[in-house]
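This is what each chain is made of:
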Amino acid sequence: MRRINFMKSFYITTAIDYANGKPHLGHAYEKVLTDVVARFRRLMGDDVYFVTGLDEHGQKVQQSAKARGIEPIELCDEAAESFQGLCKSLNITNDDFIRTTEDRHKSVVSTILQKLFDQGDIYKAEYTGYYSRRAEQFLQEKDKNEDGEWPEIFGEVEEIAESNYFFKLSRHQDWLNDHIKTNESFIFPRFRAKQVLEFLKEPINDLCISRPKERLEWGIPLPFDADYVTYVWFDALFNYVTAAGFGTDEFEKRWPADFHVIGKDILVPPHAVYWPIMLKAAEIELPKSLLVHGWWLKSGEKMSKSTGTVVDPLDLIEQFGSDAFRYFVTREMNVGQDSEFSLERYMARYNSDLANDLGNLLSRVLTMLARGFEGVIPAPQLEETLEEALWKGWDETHAKVLELFEEFQFHTGLERIFLFVSSINRYAEQRAPWKLAKSEDPLDKQRLDTTLFAMSESVRLAVGLLEPVMPETTEKVYSLIGYDPDSEWKARLVRNEKLAGSTVGAKTILFPKPPVET
RNA sequence: GCCAGGGUAGCUCAGUGGUAGAGCAGGAGACUCAUAAGCUCUUGGUCGGCAGUUCAAAUCUGCCCCUUGGUACCA
């Protein structure tokens, strides 16, 4: 008898990136966003399973490999290394990295395709269109010039007929329409669902899912016709199911996915139309939710004033650390909307929030403790109005930020956290421990102890809340203030007096500022 | 064309019916523990435009303008 008392995983995925390309800001953002959600859920106690990966088949990969005189798989291996390197440099906590050329995936795709073929969801038909031999692809009306001619780059264009396999989409159109209407949480942000419903108002055509092998070899063969490979969507989308362990015991623990994190460009039709219908036809449960993010605008186009060279946003990871990068993209992007990337904004956030407010605060605390307390955090002696206000501020921040993070409002959540950091700096000014230290009054001595404790404790709390976004910083600060994070996250976010008696580390510059450009 | 998002202080953005907000940038000041950081005060907006609903609108309705994206077998 099978035991059913397992805990359902929180299964979250990114879209898989196409192997014929280099990592850019958009890839980096999607991984960071997903990782922030994954870390947040993990800290909240969920059993998180997080997968990202690479989409490796298709015509462009085949063409690029051919142009370089290498095998397609060699090109994919390079890309896999490159994208996995990106994950590593961003501190991404994915549990798996799926590649669509892996046997486990080919096997799943074959199984599904055969099932759908057997039950009549896939049929063969002839397709007529304009074909460019040079580009090795069929062209669309929109590919034409304004004068109605085919552009030069396509060379000779001829109208040809080709037999292909098609997947029946339309039979589930009404069902999908109903599903999206009734499941409010299926698409986040909600307004994106309107676009899908709009799309579904018109009758949808069936989806061409194959390419003849004579045109495309680099793909998964159709199990029921060796002359064809499957093309794009069955190959790419089913990665989510493969990675969840379809066909193994793990599958029922992980599936359905809690979130597919995707860009707005692949919502309609792939993830919101093809994917649900494919799953419905295959009799597999639907993912619970699609988390749709916007785009970074003008990425990589900003010029450095001093050198005149283009700044690659990804260079900033190495230059200022992964936490700074993660902070920037999470703080600036309102999930669902677009945001503009610029070096100026980046440096403003880095200098102002990270270096001046947070990093400098830690410096002051460590210096004062080293100077007057031999590096040991004193116990609090009293609680006056200023302390009460500080802790009240924390309670409000803590509650509100968790609420915002639950709703993916990371940008506002981070804003709240840094408002709290500011309040610690304000508290320090009001208490002025550097003045208290010079007083002979015993009450002032009590206040001094209290102040240093309160500053240390509030910094501990603030960086604790930052952990999903800035895990390295959290760890580093914990270590510097002599805090052992042995309890679970929720408990660590509650104020206590355990820091009293801790020995702190030497003064450390968390976020060094770059030399001022002149 | 149609559909959707955005249009709030110089910049980036919060704010869904009740006297316009934050951060950054700019200006002034006091302080000195600190990464010339932090703190206090301050300049700055007829909330894209025009109508309408309402005792009251950035917030609801209509039209228009600008901008981003989608408009399928394209990754």
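Rules behind the numbers
- Residues numbered from 1 in each chain as written.
- Chains lettered and ligands numbered in written order.
- Predicted model: local features only at pLDDT ≥ 70, side-chain atom pairs only at ≥ 80, totals over all residues.
- Heavy atoms only, no water.
- Helix = DSSP H or I, 4+ residues; strand = E, 2+ residues; numbered from the N terminus.
- Buried < 20%, exposed > 50% of the residue type's maximum accessible area, 1.4 Å probe, protein only.
- Contact = heavy atoms within 4.5 Å.
- Near = heavy atom within 4 Å.
- Polar contact = N/O pair within 3.5 Å; in protein donor to acceptor, adjacent residues only side chain to side chain.
- Salt bridge = Lys/Arg side-chain N within 4 Å of Asp/Glu carboxyl O.
- pLDDT = per-residue confidence, 0-100.

1. Topic: the environment of Phe10
And then number 1: Considering the arrangement of structural elements, one finds Phe10 in strand E1 (residues 10-14).
And then number 2: On the basis of relative accessible area, Phe10 is assigned to the buried category, the value being 9%.
And then number 3: Expressed as a C-alpha distance, the spacing of Phe10 and Asp258, which sit 248 residues apart in the sequence, is 5.9 Å.
And then number 4: For Phe10, the residues in contact, after removing those within four places along its chain, are Val37, Arg41, Asp46, Asp47, Val48, Tyr49, Asp258 and Phe259.

2. Some words on the protein's contact with RNA strand B
And then number 1: The local shell around RNA strand B holds 53 residues, among which Asn334, Gln337, Asn360, Arg364 and Lys507 are the closest.
And then number 2: The sugar-phosphate backbone supplies 70% of the atoms of RNA strand B found within 4 Å of the protein.
And then number 3: Separating a sugar or linking oxygen of RNA strand B from a side-chain N or O atom of Asp338 is a distance of 3.0 Å.
And then number 4: Taking Arg364, its side chain carries an N or O atom lying 2.4 Å from a base nitrogen of RNA strand B.
And then number 5: Counting only elements with at least two residues in the surface near RNA strand B, the list comes to helix H6 (191-201), strand E9 (207-208), helix H10 (267-282), helix H13 (343-373) and helix H15 (410-431).
And then number 6: Here the element with the most residues in the surface near RNA strand B is H13; it accounts for 12 residues.

3. Considerations on the pattern of salt bridges
And then number 1: The full count for this structure, using the stated rule, is 34 salt bridges.
And then number 2: Of the charged contacts in the structure, one is a salt bridge between Lys264 and Asp338, with a shortest N-O distance of 2.8 Å. Of the two residues, Lys264 is situated in the loop between strand E13 (259-263) and H10 and Asp338 in the loop between helix H12 (322-332) and strand E16 (339-340); the sequence distance between them amounts to 74 residues.
And then number 3: Asp338 gets classed as partly exposed once you look at its relative accessible area, which sits at 31%.

4. Here we look at the confidence of the model for chain A
Fine structural detail should not be taken from predicted coordinates in areas where pLDDT scores are low.
And then number 1: Model confidence for chain A is summarised by a mean pLDDT of 89, while 94% of its residues fall at 70 or above.
And then number 2: The model gives residues 299-309 a pLDDT under 50, and that stretch makes 19 contacts with residues more than four places away or in other chains.

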